[in-house]
Amino acid sequence: MSPGRLIARRFIGNPAAVGGCVVVALLALFALVGPSLSPHAYDDQDYDHMRESPSRQFWFGTDEVGRDMFVLIAVGARVSLEVGLFASLISLLIGVSYGATSGWFGGRTDQTMMRVVDILYGIPLVLIVINLMVILGSGLQNVLLALGLVYWLDMARIVRGQVLRLRTTAYVEAARALGVGWRRILVRHILPNTLGPIVVTLTLTVPNAIFTESFLSYIGLGVSAPNESWGTLASAGARLEFLRSSPHLALFPAAAISLTMLAFNFVGDGLRDALDPRHVGKSS
Amino acid sequence: MLQFVLKRLLTSLVVIWIVVTTTFVLMKLCPGGPFDRERGLPEAIEKNISARYGLDKPVWRQYGSYVGSLLRGDLGLSYHYQGQSIGGMIADKFPRSATIGLLSILLSIGVGVPAGVFSSVRQHRWGDRLTMLITIVGVSVPSFILATLLQYVAAVRWKVFNAAGFAGWRDAILPALALSVYSLAFITRLTRSSFLDVLHDEWVRTAYAKGLAPLRVLVGHVLRNAILPVVTYLGPLTAGVLTGSLVVEKIFSIPGLGGFFVTSVFNRDYPLIMGVTIFYSILLVLLNLFVDVAYVWLDPRISFEGGETS
């Protein structure tokens, strides 16, 4: 059996991972078609129905200005998935090129580049993100950018380690002997062989980015009004007087964030276990 | 050993210098002056304000004087809370945050390590499976959601704790709980996996074969070898608690440094943002230094001269 099929089989044999995949797929579907399922628009304000509990007319109830929570949550799913996707893509781009360069050249270049990563590791990343947000200003695009600019460290470390290992293999030596340039060797020969760890790191970056966006939005530094994300919705619903009278305001966004994080974590863990059988059952 | 500590101390200083320089540059890149809101002031007054905060000098001189006063332990003056020293404000707010933070770190380690050991000893049985399930929920549910939930259940519904404010140590319990869940779950998983790595080593079997009590083998032999990853995690753990405090303190209306930092971001109080960032970074760099030294001290395989602890 080819290694690819072996990995797929191991992954499918893991119910939690498959469940996570299903939830992620449903989430993507929900983000795509959710807003059009409800008769209410994103910015429809119904002043006769404010902070109302879930009903047949408003499936998830309404918020404090009479907007339909179902649509808001669906739009929030869009925001979260966008953040997860694009922030991890930016981090992929930076992390892979940084790590590959460091690993390929080795020696002093490698030492200096990894020292920089070590230093960045020593500083709480969210502080850097917040500092970046102060400069960039709030808004979804800036959140994406700030997150992508910060969350590439794990990727860089992992890719560097892999490149360092593969650099001395026979097929790379052969490619070198044939006079293939280093960029081409990296892209065509080395990176395809490190795909596994890259994908795992990527899947684990996604929930991280989603979490940080909702965190930033919760404290008011993420997306800004009139746009909403799960973070801003959760924060709006978490006011004490609302918790007493209309807990659904906090409940739905909170459940959405937790469920999404859980699903991505399950997928990431499952992928890692499938790619590295020695690791099965002991994730760290 | 001394040489190793000195070397690490030196790198820590370099790291702190880089943090200071970077945050300084970042703050200078911010669009708009800090007193833009007060436009329309007579020119003389604006000039006076600029002079008071040293903004009339060229940037490199500003940097020089900032680093200079930093070396004397002076973080400068706040823009928003006019004329108040940032060092003083940090000294005022930090103890509350530290109480909550320490409590949550103790909780994470005190519960997480035993839970991980339990899980590894019972590998593949229901106790282990249940623990793993709970921990993956634990690493997935954000602290701000837990904080809201705890506030609602324990304070609003049951009225066992105060919902907001910080009057005594009792008020530290709910925020500490909310802060510790992620790291507690993470430490449990970490401990479990590193115990599993060691548990099947031959020398452990030897220890059992000699007739040592299971608990003695675990605590006396396995723990010392398996605890290293947990020690390394102390740095990220503290960083996580620190980050979480930004939002948890806001939820529980605790007048600590975390909530204060968030407010200062909204006030665009650049010196304060910079000061708190630097303060936090120094805290973490020192902690990481301590962790590295502890690591070398705990792990007999690492030589003191090497300096590489990865």
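Rules used throughout
Residues numbered from 1 in each chain as written. Chains lettered and ligands numbered in written order. Predicted model: local features only at pLDDT ≥ 70, side-chain atom pairs only at ≥ 80, totals over all residues. Helix = DSSP H or I, 4+ residues; strand = E, 2+ residues; numbered from the N terminus. Buried ≥ 20, exposed ≤ 12 C-beta atoms within 10 Å, placed from the backbone. Contact = placed C-beta atoms within 7 Å. pLDDT = per-residue confidence, 0-100. Core = buried A, V, L, I, M, F, W, Y, C linked by C-beta atoms within 7 Å. Expected span 1.5 Å × (residues − 1). Bend = angle between axes of the 7 residues up to and from the residue. Nonpolar A, V, L, I, M, F, W, Y, C, P; charged D, E, K, R; others polar. Axes fitted to C-alpha atoms, helices over the stretch in contact; angles between N-to-C directions. Parallel < 35°, antiparallel > 145°, perpendicular 65-115°, else oblique. Left-handed = near helix turned anticlockwise from the far one by under 90°.

**A closer look at the overall build of chain A**
And then number 1: The secondary structure content of chain A amounts to 13 helices and 0 strands.
And then number 2: The order of α-helices and β-strands along chain A, N terminus first, is α-α-α-α-α-α-α-α-α-α-α-α-α.
And then number 3: In terms of overall dimensions, chain A has a C-alpha envelope of 75 × 45 × 30 Å along the principal axes.
And then number 4: Sorting the 284 residues of chain A into buried and exposed places 43% on the buried side.
And then number 5: By sequence separation, contacts in chain A at least 24 residues apart represent 67% of the contacts at least 6 residues apart.

**Brief notes about the confidence of the model for chain B**
Residues and elements named next belong to chain B.
And then number 1: Mean pLDDT for chain B: 83, with 93% of residues reaching 70 or above.
And then number 2: Confidence over residues 305–310 falls short of pLDDT 50; this stretch has 8 contacts with residues more than four positions distant or in other chains.
And then number 3: Reported confidences for the modelled complex are a pTM of 0.83 and an ipTM of 0.80.

**Quick look at the nonpolar core**
And then number 1: Counting residues in each nonpolar core, the largest one holds 142 residues, and the members touching the most others are Ile73(A), Val129(A), Leu147(A), Ala234(A) and Ala178(B).
And then number 2: Among the elements that make up this core, the one with the highest residue count is helix 3 (residues 69–105) of chain A (17 residues).

**A word on helix 10 (residues 228–251) of chain B**
Residues and elements named next belong to chain B.
And then number 1: The first and last C-alpha atoms of helix 10 sit 34 Å apart over 24 residues, in line with the 34 Å expected at 1.5 Å per residue.
And then number 2: The principal kink in helix 10, of about 40°, is found at leucine 234, preceding the proline proline 236 by one to four residues.
And then number 3: With respect to burial, helix 10 is a largely interior element, 19 of its 24 residues being buried.
And then number 4: Of the residues flanking the end of helix 10, it is serine 253, one or two places downstream, whose phi is positive at about 45°.

**Thoughts on unusual backbone geometry**
Residue and element names in this part refer to chain B.
And then number 1: Even without a glycine there, the phi angle at lysine 159 is positive, about 55°.
And then number 2: Locating lysine 159 in the fold gives a position in the loop between helix 6 (143–157) and helix 7 (170–199).
And then number 3: Lysine 159 sits in the exposed class, given 9 other C-beta atoms within 10 Å.
And then number 4: The backbone of serine 253 sits at a positive phi, close to 45°, despite the residue not being glycine.

**Structural notes on helix 1 (residues 2–29) of chain B**
Helical periodicity: at 3.6 residues per turn, an α-helix aligns residues three or four positions apart in one direction.
And then number 1: The terminal C-alpha atoms of helix 1 of chain B lie 41 Å apart, and with 28 residues this matches the ideal 40 Å at 1.5 Å per residue to within 8%.
And then number 2: Within helix 1 of chain B the residues assigned to the buried category are Val15(B), Ile16(B), Val19(B) and Thr23(B).
And then number 3: Considering only its buried residues, helix 1 of chain B is in contact with helix 4 (107–121) and helix 5 (125–136) of chain A together with helix 12 (270–298) of chain B.

**Brief notes about the interface of chain A and chain B**
And then number 1: Contacts between the two partners involve 33 residues from chain A, matched on the other side by 41 residues from chain B.
And then number 2: Of all the elements in the fold, those that place two or more residues in the side of chain A that touches chain B are helix 5, helix 10 (195–218), helix 12 (240–245) and helix 13 (248–275) of chain A.
And then number 3: Looking at the side of chain A that touches chain B element by element, the count peaks at 8 residues for helix 13 of chain A.
And then number 4: Of the residues in the side of chain A that touches chain B, the class split is 23 nonpolar, 8 polar and 2 charged.

**Quick word on the environment of Arg8(B)**
Residue and element names in this part refer to chain B.
And then number 1: Along the chain, the position of arginine 8 falls in helix 1.
And then number 2: Taking the C-beta count within 10 Å as the criterion, arginine 8 has 18 such neighbours and is therefore assigned partly exposed.
And then number 3: Discounting residues that sit within four places of it in the chain, arginine 8 has contacts with Leu289, Asp292 and Val293.

**Quick word on the packing of helix 1 (residues 3–12) of chain A against helix 13 of chain A**
All names here are of chain A.
And then number 1: Between helix 1 and helix 13, the shortest axis-to-axis distance is 8 Å and the interhelical angle comes to 135°. Between helix 1 and helix 13, the crossing angle belongs to the class labelled oblique. In this structure, the crossing between helix 1 and helix 13 has a hand that is right-handed. On helix 13, the residues that touch Ile7, Arg10 and Phe11 of helix 1 are Gly270, Leu271, Ala274 and Leu275.

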